[in-house]
Each structure stands twice: as structure tokens, then as C-alpha cells.
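Here is how the chains run, residue by residue.
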Amino acid sequence: DGDTRIESIILYDTQGLPEKSHHDLDQDGKMETVRFYQKGEIVKQQKDADLDGRMDSVTVFKNALPAEQRKDSNLDGKFDVFTMFKNGILFSQEKDTNFDDNIDCFTRFDHTGLVKEIKEDTRYTGQINRIRFFEKGVPVRMEADDNADGFFETVCFYKDGKKHLQTQDQNKDGIAD
């Protein structure tokens, strides 16, 4: 970009193929991303966004496509978001949303990488109490266990991505009260 700062350094193996590279992707003058290659093909990327010496994101590649990623979203030194890819497309993700070292949000994606289902432990008790369903990434239904008894008595239906109808089944007979 002509700013006199180097944006990337690429080291090559004896066959002339990339082996390791360093990148300044945010163009702040500091190399925050390191990529590793085997036979010239990327196999891993590590990123230290805050430049504290700890990797905030590690992505593993298979056939030059992302396969899995671990991320430290709050930069506390611990990975709290774990993402899996299938053929380079988002497949599933697990998160520790309150950073207590327990996974409390589980997301599944459809074959195009759009959200399909999110299961959450919003009370952080170790029990799923809310499930949201999506079609083509748009919310269509949400089920909630409001009283932590394991039964999802509240169901909310969406129309065009907005809440449309909510029902409750307090007596657990499968019929909205």
C-alpha cells in the first residue's frame, strides 16, 4: 500500500513452497497473524489480535479449507468459542458465553453455513433451557423451559423473522393452555 511498512513475510522450504508466513492483516504495522504450510498448502493459522503474546485464534485447515477453530473472544487467555467446519462451511459452534469455563451455547448450521438451531443454557446451570430454530438463517420458533423443570412450556413462533405467536403449556399435556 506504499506506507513503507511490511504487511507480510513469507518463508519458503527447499522446494520453493511456502512454509511459514507472518501477516499484518489490520495494517497497524505489527504482524498479528502467523500461517503454517505443508507442501505449500495452509494447515494452520494463529492470530494474536491484541499482541500480548497469546494466540487469540487458532484455525486448523484440511485441504486448504478451515476445519476447526478455537477463539478467545474476550482476550483473557482462554479459548471460549469452538467452531467446526465441514468442507470449509460452518457446521457447529460451542461457546462459553459467560466465561466460566463451561460451554453454555451450542449452535448448528445448515449445509450452506446459515444458523439452523441454537441450544442455550441461559441460567448457566448446566441444563439447556432455550432452543431456537431457524430456516435459512431466519428464526421460526423458540422453545423455553421457564421454570427449570426440564419441560419446554413456552413456545414462540416467528413470522418473517419477527415474533408472531407465543403459547404456554403449564400442565405439560402437549396442548397449549
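The paragraphs below set out a description of the structure included in this document.

Rules used throughout
- Residues numbered from 1 in each chain as written.
- Predicted model: local features only at pLDDT ≥ 70, side-chain atom pairs only at ≥ 80, totals over all residues.
- Heavy atoms only, no water.
- Helix = DSSP H or I, 4+ residues; strand = E, 2+ residues; numbered from the N terminus.
- Buried < 20%, exposed > 50% of the residue type's maximum accessible area, 1.4 Å probe, protein only.
- Areas by Shrake-Rupley, 256 points an atom, 1.4 Å probe, with all protein chains shown as cover.
- Pairing = 2+ DSSP bridges.
- Polar contact = N/O pair within 3.5 Å; in protein donor to acceptor, adjacent residues only side chain to side chain.
- Contact = heavy atoms within 4.5 Å.
- Phe/Tyr/Trp six-rings, centres within 6.5 Å; stacked < 30°, edge-to-face > 60°.
- Lys NZ or Arg CZ within 6 Å of the ring centre and 35° of its normal.
- Lys, Arg positive; Asp, Glu negative; His and termini not counted.
- Salt bridge = Lys/Arg side-chain N within 4 Å of Asp/Glu carboxyl O.
- Patch = residues over 30% accessible without salt bridge, like charges linked within 9 Å, V, L, I, M, F, W, Y side chains within 5 Å.

1. Details of the overall build of the protein chain
In terms of regular secondary structure, the protein chain is built from 0 helices and 14 strands. On the principal axes, the C-alpha backbone points of the protein chain span a range of 70 × 30 × 30 Å. When burial is assessed residue by residue, the protein chain has 28% of its 177 residues classed as buried. Summed over its atoms, the accessible surface of the protein chain is roughly 11200 Å², and 51% of this surface lies on carbon and sulfur atoms.

2. Some thoughts on the pairing of strand β2 (residues 18-23)
Pairing geometry for strand β1 (residues 8-12) and β2, over 5 bridges, is antiparallel. What sits directly across from serine 8, in β2, is histidine 23. Counting the residues that bridge the hairpin from β1 to β2 gives 5 residues, and of these glycine 16 lies at a positive phi of roughly 85°. Of the strand pairs in this sheet, β2 and strand β3 (residues 33-38) are connected by 4 bridges, and their pairing is antiparallel. Opposite lysine 20, over in β3, you have phenylalanine 36 as the bridge partner.

3. Considerations on the side chain of serine 21
Along the chain, the position of serine 21 falls in strand β2. Judged by relative accessible area, serine 21 falls into the buried class, the value being 0%. A polar side-chain atom of serine 21 sits 2.7 Å from a polar atom in the side chain of histidine 23. Reaching out from serine 21, the side chain makes a polar contact with the side chain of tyrosine 37 at a distance of 2.9 Å. Ignoring sequence-local partners within four residues, the contact set of serine 21 consists of Ile9, Ile10, Thr33, Val34, Arg35 and Tyr37.

4. Re the packing of aromatic side chains
Summed over the entire model, instances satisfying the criterion amount to 0 aromatic pairs. The lysine or arginine in question, lysine 44, covers the ring of phenylalanine 36, its NZ or CZ lying 5.6 Å from the ring centre. A cation over a ring is seen here: arginine 141 above phenylalanine 133, with NZ or CZ 4.0 Å from the ring centre.

5. Focus on the side chain of aspartate 96
Relative to the assigned elements, aspartate 96 resides in the loop between β8 (89-95) and β9 (105-109). One buried charged residue, aspartate 96, remains without a salt bridge, the closest side chain of opposite sign being lysine 78 at 6.8 Å. Polar contacts involving the side chain of aspartate 96 include one to the main-chain amide nitrogen of phenylalanine 99, which spans 2.9 Å. In this structure aspartate 96 touches Asp80, Asp101, Asn102, Ile103 and Asp104, once residues within four positions along its chain are discounted.

6. What about a nonpolar patch on the surface?
Nonpolar side chains collect at one region of the surface, where Ile6, Ile9 and Leu11 lie side by side and expose about 260 Å² of accessible area between them. Along the chain, leucine 11 falls in strand β1. The class for leucine 11 is partly exposed, based on a relative accessible area of 41%.

7. So, the environment of aspartate 160
Position of aspartate 160 relative to the elements: it lies in the loop between β13 (154-159) and β14 (162-168). Residue classification places aspartate 160 among the exposed positions, given a relative accessible area of 73%. Sequence spacing of aspartate 160 and proline 139 is 21 residues, and the spatial spacing of their C-alpha atoms is 8.1 Å.

Limitation: the analysis is restricted to geometry and does not speak to function.
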